[in-house]
Amino acid sequence: MTTAPWRDPGLPADTRVADLLSRMTLEEKAAQLYGVWVGAPTDGTAPGDGVAHGVAHGVAPLQREMAPGHDWDELITRGLGQLTRPFGTAPVDPDAGARALARTQRRIAGANRFGVPAIAHEECLAGFTAWRATAYPVPLAWGASFDPELVERVGHRIGRDLRAAGVHQGLAPVLDVVRDPRWGRVEETIGEDPYLVGTVGTAYVRGLESAGVVATLKHFAGYAASAGARNLAPVRAGARELADVILPPFEMALREGGARSVMAAYTETDGVPACADPWLLTELLREEWGFTGTVVADYFGIGFLRTLHRVAEDEARAAHLALAAGVDVELPAPGCYGTPLVTAVRQGRVPESLVDRAARRVLLQKCELGLLDEDWRPEPEGPLDLDPAENRALARRLAEESVVLLDSPGGLLPLAPGIRIAVVGPRAADPLAMLGCYSFPSHVLSRHPGVPLGIGVPTVLDSLRAELPDAKVTFAEGCGVSGTDTAGFAEAVARAAEADVCVAVLGDRAGLFGRGTSGEGCDATDLRLPGVQAGLLDALVATGVPVVLVLLTGRPYALGRWHGRLGAVVQAFFPGEEGGPAVAGVLSGRVNPSGRLPVSVPRLPGGQPWTYLQPPLGLAGEVSNLDPTPLYPFGHGRSYTEFAWEDFAGSAAGISTDGWYDLSLTVRNTGDRAGTEVVQLYLHDPVASVTRPDVRLIGYRRLDLRPGAARRLTFRFHADLASFTGGAGARVVEPGALELRVGPSSAEVRHRARLRLTGPVRVLGGERRLHCEVTTSEGAD
């Protein structure tokens, strides 16, 4: 039997795909360019098994209006590009879901002329968004860990689970840089600094891709810079902010992480929607950066060109704009790339060459995934356990590394083992307090009352009782997360007054579109604690009993009101299913805290938004009565041990604008217990042709040190790391003075190295060094 060239795995992928495309009709090519949201049946059946499955509403904005049902049997005769969230729409047993997905894939392949299955995609922002799958800490906690190597391991485990279930593409990571902490999706980001976001996000991409899963970078680009921190609001960032703050993490994750997909953002920048921006999606992404993968639309993003942006008069025009810009795949359903697109091509309104270009990219990816091979099989290899002990151990370690000790002025922490503890607050006894918006329980189960979480999520209250079995622990909720009811204050105050210490566990409830205080569509008017929690904390402090404030949140909140009045402050950003034991471990001292702030914590709820990446006029000064200086700066975090930073040395004081500079120091643990220091390298550019941030992160390294131990650390700084977008719009390295600052946060400097770049202004092309090399060696004991 003769095998068609497109089926021959011995031929180059380009040759195979060209052959397949030449055999396809317009309808078959267009069918590769959209997904279908069939829903997730909870009875183990699959589309085509005789059961009609509709879409579960409420998981995406305007889903009810923009995701109508389809004639499944007729639709798949043309083939299908993607299957939308077969696990992430309703609670389905993992084994039953994997078998149903396999049957669905068999039906798709059997119904179209070429036997080509679909790519199945899922959300995996903080773990596989599926019932009974591990809920890891949210990305903001990844940033707090300052540990890319651990995040890469987490990404690999998530990717393994996705592939075992039959999923090919993960819609993560989010590489948006926080520009306004009031934005609801801050929890999904890695932080407010592009270097931290880029390095940690790239590590996650490497982990996901190493498991054979297509990582999808989102949201490209500018989504987090929306005006007023409102979800989907217009972006008014200038070209320099876009180039120097917003875009670098995407460039790093593509060039160094190997991500194979990018998701176009919902937002518009300077009046141009991302889904209709050929400069962003083609000129920059493909021609300058060399990206060869697929660009997918955020859900309904192409249809929004007509309904929300109003740059298209109908679905066909929206399809034309998106295809011409470079969007290859419409998700989650064929609102524009289906019949409207085919009709427009037949009428001569859209060139068929645009369909061919996108279909080629999709089929190349299917070829890479083995979906064009004759021996392809979708059936799972064995029983699925999506929350095994190995996953939970990784989730525990990441949670422990991400907890930030903001303050402990009187040495109240660690807590003594036998004391009386009053645990108070609306986040103390709720498992959902640990989980972010894109965890399955928060994202989906709110629509399925009575269905169990599917995973064990110990609360702070339960974990503290287990951690300190000799302590007398009492509990009072005090108030809700939101709302105005203060009826529970009296009991909370009574419990606190009876105790030696009060642990106040406050924070956010993750949800979607206003159903939470943090999460997609849950934007904040200011940075006050939600509801009446601030009043509860005031009442607890007024008892005179030392109060340890524990925050479980998706964003930073203003804490200046209580500065100097609390026994300790512990910050955890939705730390996942093992977050309770992690927080309790920090409180007991079993865990020496090593998390560092990926976002600044403000002093006051007004005078915001503010991130630490400010030029001189963005800092405190006499020109304004508002002082934006944060209470706790980016990079801040305390430990239960002490570290000495010794023997600082730098290389020659002058280097060329294409040169290297080595900076070394020894860090020694001078305390009596093991601990972790996070050494951070910042760049200060005293004079430049355009205004520059006073300081910005360009390197960092975690150092785990036993008592008395030391490590020698060397940063290899290249002049490329001092580059920025100059006045003419090109990325340049300018000659002149620079200062490298080493410290434990963006606001604390332990050592400075002053150097001068010499030579001409250097204009950087497509290739540049994106990260600072760091090496370590044993220090002298």
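These figures come from a predicted structure and were not determined experimentally.

K.L.:
What's the story with the sheet that holds strand β27 (residues 773–778) in this structure? I'm lost.
P.N.:
The strands that make up a sheet pair up through hydrogen bonds in the backbone, lying either parallel or antiparallel. Strands sit in the order β16-β18-β21-β27 across an open sheet of four strands; the sheet is antiparallel. Either end of the sheet is taken by a strand with one partner, and the two such strands are β16 (643–650) and β27. Each adjacent strand pair in this sheet contributes to an overall mean axis angle of 20°, direction not counted. One ladder, built from six bridges, connects β16 with strand β18 (residues 660–669); its direction is antiparallel.

K.L.:
Got a minute to help me understand the packing of helix α9 (residues 239–246) against helix α10 (residues 248–255) in this structure?
P.N.:
In a packed pair of helices, the relevant descriptors are the angle between the two axes and the axis-to-axis distance. α10 packs onto α9 with a crossing angle of 40° between their chain directions and a minimal axis gap of 6 Å. Taken together, the axes of α9 and α10 are oblique relative to one another. Across the interface between the two elements, Leu 242, Ala 243, Asp 244, Val 245 and Ile 246 from α9 touch Pro 248, Pro 249 and Phe 250 from α10. Of the residues assigned to the contact of α9 with α10, the class counts are seven nonpolar, no polar and one charged.

K.L.:
What exactly am I supposed to notice about the packing of aromatic side chains here?
P.N.:
The geometry of an aromatic ring pair is captured by two quantities: the separation of the ring centres and the angle between the planes. Under the defined criterion, the tally for this structure stands at 14 aromatic pairs. Ring centres of Phe 146 and Tyr 700 lie 5.2 Å apart, and the angle between their planes is 80°; on these two criteria the pair is classed as edge-to-face. Residue Phe 146 is found in the loop between α6 (139–145) and α7 (148–165), and its partner Tyr 700 is found in strand β20 (residues 696–705); the two are separated by 554 residues along the sequence. Across the pair, Tyr 700 and Phe 146 agree in class, each one buried. Cluster of aromatic residues (ring-pair linked, three or more members): Phe 146, Tyr 195, Tyr 612, Phe 634, Tyr 682 and Tyr 700. Residue placement shows Arg 750 over the ring face of Trp 645; its charged tip is 4.9 Å from the ring centre.

K.L.:
How should I be thinking about helix α18 (residues 460–467) in this particular structure?
P.N.:
Two residues of an α-helix separated by three or four positions point the same way, owing to the 3.6 residues in each turn. All of the buried residues along α18 are Val 460, Leu 461, Ser 463 and Leu 464. Burial along α18 is one-sided: seen end-on, the buried residues are contained in an arc of 165°. Buried residues in α18 make contact with β11 (420–424), β12 (472–476), β13 (501–507), β14 (547–553) and α21 (579–588).

K.L.:
How should unusual backbone geometry be read in this particular structure?
P.N.:
For residues besides glycine, phi is generally negative; the peptide bonds are generally trans as well. Cis peptide bonds are those with omega within 30 degrees of zero, and the linkage from Lys 218 to His 219 qualifies with 5°. Backbone geometry at Ala 229 places phi at a positive 65°, although glycine is not the residue there. Looking at the element boundaries, Ala 229 is found in the loop between β5 (214–220) and α9. By relative accessible area, Ala 229 is classed as buried at 1%.

K.L.:
What's the story with the pattern of salt bridges in this structure? I'm lost.
P.N.:
Within the structure shown, the criterion is met by 58 salt bridges. Glu 188 is the salt-bridge partner of Arg 185, the closest N and O atoms lying 2.7 Å from each other. Considered together, Arg 185 and Glu 188 belong to a single accessibility category, that of buried residues. Among the ionic contacts, a cluster of salt bridges with common partners joins Asp 387, Arg 392, Arg 396, Glu 400, Glu 467, Glu 577, Glu 578 and Arg 590.

K.L.:
Would you mind going over helix α16 (residues 389–402) with me for this structure?
P.N.:
The end-to-end C-alpha separation of α16 is 20 Å, in line with the 20 Å expected for 14 residues at 1.5 Å each. Among all positions in α16, only Asn 391, Arg 392, Leu 394, Ala 395, Leu 398, Ala 399, Glu 400, Glu 401 and Ser 402 are buried. Close packing links the buried residues of α16 with α6, α7, β10 (404–407), β15 (568–573), α21 and β20.

K.L.:
Looking at this structure, how should I read the pairing of β20?
P.N.:
Along any regular strand, the residues point their side chains to alternate faces of the sheet. Among the ten residues of β20, eight are classified as buried, and the element is accordingly described as predominantly covered. Pairing of strand β19 (residues 675–684) with β20 involves nine bridges; the strand directions are antiparallel. Residue Val 679 lies in a different strand from β20, and its bridge partner there is Arg 701.

K.L.:
What is the right way to read the layout of surface pockets from this model?
P.N.:
Empty space among the atoms becomes visible once a probe the size of a water molecule is rolled across them. In this structure, the largest pocket spans a volume of roughly 730 Å³. Considering the residues around the largest pocket, the lining is formed by 41 residues, among which Pro 194, Asp 244, Val 245, Leu 613 and Pro 693 are closest to the centre. Broken down by secondary-structure element, the contributors of at least two residues to the lining of the largest pocket are α8 (194–210), α9, α10 and β20. Of the residues forming the lining of the largest pocket, the biggest block, four residues, is contributed by α9. Looking at the lining of the largest pocket residue by residue, the classes come out as 21 nonpolar, six polar and 14 charged.

K.L.:
For this particular structure, what's the right way to read the pairing of β11?
P.N.:
The buried count for β11 comes to four of five residues, which makes it a mostly enclosed element. Pairing geometry for β11 and β12, over five bridges, is parallel. Along β12, the bridge assignment pairs Arg 420 with Lys 472. Note that β11 and β13 share four bridges and pair parallel. By the bridge assignment, Val 424 is partnered in β13 with Ala 504.

K.L.:
Before we go on, may I ask you to explain the sheet that holds β20 in this structure?
P.N.:
As summarised here, the arrangement of the five strands in space is β17-β25-β24-β19-β20, forming an open sheet in which the pairing is mixed. The open sheet terminates on both sides in strands that have one partner only, identified here as β17 (654–656) and β20. Strand-to-strand twist across the sheet, computed as the mean angle between neighbouring axes with direction ignored, equals 25°. Pairing analysis gives three bridges linking β17 to strand β25 (residues 751–758), with the strands arranged parallel. Bridging across to β25, Ser 656 finds its partner in Thr 758.

K.L.:
Any chance you could explain the nonpolar core here in plain terms?
P.N.:
Burial of nonpolar side chains together is a common tendency in soluble globular proteins. One finds Phe 220, Val 327, Tyr 337, Leu 559, Phe 717 and Leu 740 to be the most contacted residues of the largest nonpolar core, which totals 217 residues. With eight residues, the top contributor of residues to this core is helix α15 (residues 352–368). Once residues within four sequence positions are removed from consideration, Tyr 337 is found in contact with Ala 30, Leu 33, Tyr 34, Ile 302, Ala 319, Ala 322, Leu 323, Val 327, Asp 328, Val 329 and Glu 330. With 37 residues, the next largest nonpolar core counts Val 403, Val 457, Leu 464 and Leu 587 among its residues.

K.L.:
Would you take a moment to explain the packing of helix α1 (residues 13–23) against α15 for this structure?
P.N.:
Where α1 meets α15, the closest approach of the two axes is 9 Å, and the angle between their N-to-C directions is 125°. When the axis of α1 is compared with that of α15, the two are oblique. In the packing of α1 onto α15, the handedness of the crossing is right-handed. For the pair formed by α1 and α15, the contact residues are Ala 13, Asp 14, Arg 16, Val 17, Leu 20 and Leu 21 on the first element and Asp 356, Ala 359, Arg 360, Leu 363, Leu 364 and Cys 367 on the second.

K.L.:
I keep staring at the side chain of Ser 588 and nothing clicks. Help me out?
P.N.:
With respect to the helices and strands, the residue Ser 588 is situated in helix α21. Residue contacts for Ser 588: discarding those within four places in its chain leaves Pro 414, Leu 415, Glu 467 and Leu 468.

Basis of the calculations
Residues numbered from 1 in each chain as written. Predicted model: local features only at pLDDT ≥ 70, side-chain atom pairs only at ≥ 80, totals over all residues. Heavy atoms only, no water. Pairing = 2+ DSSP bridges. Helix = DSSP H or I, 4+ residues; strand = E, 2+ residues; numbered from the N terminus. Axes fitted to C-alpha atoms, helices over the stretch in contact; angles between N-to-C directions. Parallel < 35°, antiparallel > 145°, perpendicular 65-115°, else oblique. Contact = heavy atoms within 4.5 Å. Nonpolar A, V, L, I, M, F, W, Y, C, P; charged D, E, K, R; others polar. Phe/Tyr/Trp six-rings, centres within 6.5 Å; stacked < 30°, edge-to-face > 60°. Buried < 20%, exposed > 50% of the residue type's maximum accessible area, 1.4 Å probe, protein only. Lys NZ or Arg CZ within 6 Å of the ring centre and 35° of its normal. Arc of directions from axis to C-beta. Salt bridge = Lys/Arg side-chain N within 4 Å of Asp/Glu carboxyl O. Expected span 1.5 Å × (residues − 1). 1 Å grid on protein atoms, 1.4 Å probe; cavity = no way out; pocket = protein on both sides within 12 Å on 5 of 7 lines; lining within 4 Å. Points joined across faces, edges and corners; volume = space filled by probe spheres on them. Core = buried A, V, L, I, M, F, W, Y, C linked by side-chain atoms within 4.5 Å. Left-handed = near helix turned anticlockwise from the far one by under 90°.

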